[in-house]
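Notes for the structure review
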Amino acid sequence: MAAKTLTIDGRQITAEEGATVLQAASEAGINIPTLCHLEGLYDVGACRLCLIEVAGVPKLLPACTTKVAEGIEIKTDSERLRKYRRMTLELLFAERNHVCAACVSNGSCELQTLACSQGMDHVRYDYLFPKWNVDPTHELFGMDHNRCVLCTRCVRVCWHIEGAGTKNVAGRGTKAHIITDLNMPWGDSDSCTKCGKCVQACPTGALFHKGATVAEMRRDRSRLEFLVTAREKKEWITAD
Amino acid sequence: MSKRIVIDPVTRIEGHAKISIFVDASGNVAAAEFHVVEFRGFEKFCEGRPYTEMPAITQRICGICPISHTLASAKAGDALMAVRIPPAADKLRRLLNLGQIVQSHALSFFHLSAPDFLLGWETAPAQRNVFGLISANAGLARAGIRLRQFGQEIIEILAGQKIHPAWAVPGGVRSPLSQEGRERIRAWLPEAFATTQVAFDLWKKTMETHQREIQIFGNFPSLFMGLVAPDGTWEHHGGKLRFTDSSGSIIADQIEVSRYAEFIGEAVQNSSYLKSPYYLPLGFPAGIYRVGPLARLNVCEQMGVPKADAELKQFKKLGCGAVTSSFLYHYARLIEILAALEYIERSLDDAELSSDCLRADAGINSLRGVGASEAPRGTLFHDYTVDRNGLLQKVNLIVSTGQNNLAMNQTVAQIARHYVKGGAGAIPEPMLNRIEHGIRCYDPCLSCSTHAVGQMPLHVRLIAPDGKVLGEVTRG
Ligand code: SF4
Ligand code: SF4
Ligand code: FES
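Residues numbered from 1 in each chain as written. Chains lettered and ligands numbered in written order. Predicted model: local features only at pLDDT ≥ 70, side-chain atom pairs only at ≥ 80, totals over all residues. Heavy atoms only, no water.

With that settled, the discussion passes to the overall build of chain A. A count of helical and extended segments in chain A gives 6 helices and 10 strands. Expected size for 240 residues packed as a compact globule is a radius of gyration near 18 Å; at 19 Å, chain A falls within 12% of this value. By principal-axis analysis of the C-alpha atoms, chain A measures approximately 60 × 55 × 30 Å. Per-residue burial over chain A gives 49% buried out of 240 residues. Taking contacts inside chain A between residues at least 6 apart in sequence as the whole, the part at least 24 apart equals 61%. (Helix = DSSP H or I, 4+ residues; strand = E, 2+ residues; numbered from the N terminus. Rg over C-alpha atoms; globule rule 2.2 N^0.38 Å. Buried < 20%, exposed > 50% of the residue type's maximum accessible area, 1.4 Å probe, protein only. Contact = heavy atoms within 4.5 Å.)

The accessible area lost on association of the parts is a frequent measure of interface size. All names here are of chain A. Structurally, chain A comprises domain 1 (3–77) and domain 2 (102–232). Each side of the interface is counted separately: domain 1 has 14 residues, and domain 2 has 19 residues. Between domain 1 and domain 2, a total of about 1200 Å² is buried, with carbon and sulfur atoms accounting for 72% of that surface. Per-residue buried area on domain 1 facing domain 2 is highest for Leu35, Leu38 and Leu41; these three make up 45% of the total on that side. Where domain 1 touches domain 2, the interface holds 0 salt bridges. In this structure, the connection of domain 1 to domain 2 is made through 5 residue pairs in polar contact (both at pLDDT 80 or more). Broken down by class, the residue content of the side of domain 1 that touches domain 2 amounts to 9 nonpolar, 3 polar and 2 charged. (Domains from an automatic or database assignment. Buried area = accessible area lost by both parts, 1.4 Å probe. Salt bridge = Lys/Arg side-chain N within 4 Å of Asp/Glu carboxyl O. Polar contact = N/O pair within 3.5 Å; in protein donor to acceptor, adjacent residues only side chain to side chain. Nonpolar A, V, L, I, M, F, W, Y, C, P; charged D, E, K, R; others polar.)

Lining the immediate environment of ligand 1, one finds A:Phe93, A:His98, A:Val99, A:Cys100, A:Cys103, A:Asn106, A:Cys109, A:Leu111, A:Arg147, A:Thr204 and A:Gly205. Taken together, the residues of the shell around ligand 1 break down into 6 nonpolar, 4 polar and 1 charged. (Near = heavy atom within 4 Å.)

Where charged atoms from two side chains of opposite charge approach closely, those side chains can pair. The full count for this structure, using the stated rule, is 35 salt bridges over all chains. A salt bridge links B:Glu336 to B:Arg296, with the shortest nitrogen-to-oxygen separation between them at 2.6 Å. You can see B:Glu336 sitting in helix α12 (residues 329–347) and its partner B:Arg296 sitting in helix α10 (residues 293–299), a full 40 residues away along the chain. Taken as a pair, B:Glu336 and B:Arg296 share a single burial class, namely buried. Among the ionic pairs, B:Glu436 bridges to B:Arg440, the shortest N-O distance being 3.0 Å. With B:Glu436 and B:Arg440 both in helix α15 (residues 429–440) and 4 residues apart, this pair spans about one turn of that helix. A relative accessible area of 4% places B:Arg440 in the buried class. Because the salt bridges share partners, they merge into one network encompassing A:Asp144, A:Arg147, B:Arg49 and B:Glu53.

Bringing the site of ligand 2 into the picture now. Around ligand 2, the structure places 14 residues, and the nearest of them are A:Cys148, A:Cys151, A:Thr152, A:Cys154 and A:Cys202. Of the residues assigned to the shell around ligand 2, the class counts are 11 nonpolar, 2 polar and 1 charged.

Attention now moves to the sheet that holds strand β6 (residues 134–135) of chain A. Each strand in a sheet pairs with its neighbour through backbone hydrogen bonds, running either in the same direction (parallel) or in the opposite one (antiparallel). All names here are of chain A. The antiparallel open sheet is built from 3 strands, whose spatial order is β6-β7-β10. Strands at the two margins of the open sheet, each flanked by one partner only, are β6 and β10 (207–209). In this sheet, β10 lies alongside strand β7 (residues 141–144) in antiparallel orientation, the contact comprising 3 bridges. Pairing of glycine 142 across the sheet is with phenylalanine 208, part of β10. (Pairing = 2+ DSSP bridges.)

Let us look at helix α7 (residues 179–209) of chain B. Residues three or four positions apart in an α-helix share a direction because the helix packs 3.6 residues into each turn. Its 31 residues give α7(B) an end-to-end C-alpha distance of 46 Å, which sits within 8% of 45 Å, the value for a rise of 1.5 Å per residue. Most pronounced at B:Leu189, the bend in α7(B) amounts to some 35°, and the proline B:Pro190 follows within four residues. (Expected span 1.5 Å × (residues − 1). Bend = angle between axes of the 7 residues up to and from the residue.)

As a further point, take the packing of aromatic side chains. Residue and element names in this part refer to chain B. Summed over all chains, the structure comprises 22 aromatic pairs over all chains. Judged by centre distance (5.6 Å) and plane angle (80°), the rings of phenylalanine 217 and phenylalanine 327 are edge-to-face. Here phenylalanine 217, found in the loop between α8 (211–216) and β6 (223–228), pairs with phenylalanine 327, found in the loop between α11 (306–316) and α12; they are 110 residues apart in sequence, far enough to count as distant. As far as burial versus exposure is concerned, phenylalanine 217 and phenylalanine 327 are alike and both buried. In this structure, arginine 290 is placed above the aromatic ring of phenylalanine 220, and the distance from its NZ or CZ to the ring centre is 4.1 Å. The ring of phenylalanine 193 has lysine 307 sitting right over it, with the charged end atom 4.1 Å from the ring centre. (Phe/Tyr/Trp six-rings, centres within 6.5 Å; stacked < 30°, edge-to-face > 60°. Lys NZ or Arg CZ within 6 Å of the ring centre and 35° of its normal.)

This paragraph deals with the side chain of B:Ser108. Of note, B:Ser108 is situated in helix α4 (residues 87–119). Non-local contacts of B:Ser108, meaning those with residues more than four positions away in its chain, are made with B:Ser113, B:Arg333 and B:Asp443.

This part is about the state of the cysteines. The final tally for this structure, using the stated rule, is 0 disulfides over all chains. Of all cysteine sulfurs, the one in A:Cys195 lies closest to A:Cys198, which takes part in no disulfide; the gap is 6.2 Å. (Disulfide = S-S within 2.5 Å.)

Attention now goes to the environment of B:Thr379. Residues and elements named next belong to chain B. Position of threonine 379 relative to the elements: it lies in strand β13 (residues 378–386). The spatial distance from the C-alpha of threonine 379 to the C-alpha of valine 291 is 6.4 Å, given a sequence separation of 88 residues. Setting aside anything within four residues of it in sequence, one finds threonine 379 in contact with Met225, Gly226, Leu227, Leu241, Val291, Ala372, Ser373, Glu374, Ile398, Val399, Ser400 and Gln403.

Structure representation (structure tokens):
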């Protein structure tokens, strides 16, 4: 594959054709904040936290779904980008009910970590205080819609790594939400294999192990990467 | 017919303690009401949440005693799971509660109350606080602050954070006591004992000079309630309920905490947002009972540790039957600090505190669970009803300050009676300091009560039988 040369934050970088700006940046050790991206899953550009500025393009573009191109100049950090990232985070917080102090993911939550690192010290928008419920019907796991950011990591991992296709998105706008099968209680799902990959993939406290108390969720993403690598490199397929 | 002096919750001023003093037609005090406005409607807020979150949610109810809420909540969780938690977990929770008792009582005694009785009632409010105490007796003030730190240190060692730790969980606790933590506690203990001794010496002198206060600061017959061990020994986390009357007789004993509703009724008074619990068999308001240090010492037969038991003997001599003066809450607090220190010392040689068998695992096995624990201020109940999946359907909390509400009213009335006599409705200045202290005897868990710096903000109104405001004072 041909190599492309581009500039990120004033640095000359070469990346493989077909790579995303996010991949190119991370290979060069440049950190771009992300939320819906998860190593091992294909990207959908849902959260807009990885927005970058591309010289000559008036719009901001998501780094996770923008492919590298010869000669493009990219900025991953600017006053404008910081402003948008903060705004995006504030909207995520305003849209659902986040009570970190009582949350299973307090201290290990990607949303919370982003809010801290991006200097989001308050929310300027009116909280919507929507009425979302908790689905505690599954034998092993629980889902609290109040904390979901609709990153769809659980959906993608369920369809494309586990292959169960249990998790889906229903509804539009602020009504959009994650469902199991044809919108039934998780505990009634026939397709769920109870593998727990969605729980491992979730960046927030929305999916959790049942019985987990405050700040008790610690997720191990390396297991997902392990599976993906094993599949891509055909590690489990013997030669003969 | 009666008139009243009011601190009104309707016209309330944020952070002020509101007090109404009712006077009769001849201008003498008939009754008083201390309006507690602190309750935050948490019970509704929790509905629909998983019970596993409750130790963390409920410890936000009150910034003053988060540990007590987290412990009562974890116990209610144990009951929902219908498990017996590992013995090590029980011991560790107890150690945490002892740390909480020490830190809370030290704060109450040294920071909040001692300035009043050491510096004197007529000392200007600007001096009658912990800073005044520091300039009058720096050694004592410092020792008191250190004693509180000792309690906080235990909490920090066990639970990792001084405020709002989510360490006690349904089924047990999250981590054991480290060897290093054990040694840190051990090294600090001698100093904590020495400070407590100084406090006792000081208190005994105070009792000699404060006979009048003992007589009028909430000295009245009432019932007392607290947890006791099966043999009647002092309890703080575990055991069953006992009620005694002012003659010292046991009127109900070894009641499972889950049966509290058969013995405790809750009256809702318009004047207060807090429910006023009373002993159900006697009705309202005859069933008035007190909780907290004074009550725990009245209901128990012994502390179970030698030094505190020697003090308990002297304490019990102060009453015929029960000790009925709320001014002696201070004394009871010191005895509990001493007992806590002795229990802490005893537990330090227990290898089980390092065990890694700390948490029982189970689903929902009971749809209702009640947990009770002795908070520094008195027995605290958490009562949860859940669905099959552990989502809360109903939450009822009975907090210590609520249980003392009726007693606080009587205390204020008793003090006021000595200052308001057939007058034209003036609110005498010396009365305010004493009412403030009368409330402080109970160490109520209200934000206004913990103004360590300066006086408690008060809003007092004196109201006539026809509802006319005769006098009104806002202070602080
Ligand atoms: S999901 Fe994250 S941001 Fe939301 S409440 Fe939990 S810790 Fe806070
Ligand atoms: S449940 Fe978690 S992983 Fe799934 S969409 Fe919501 S936040 Fe993302
Ligand atoms: S990480 Fe790129 S849009 Fe979410």
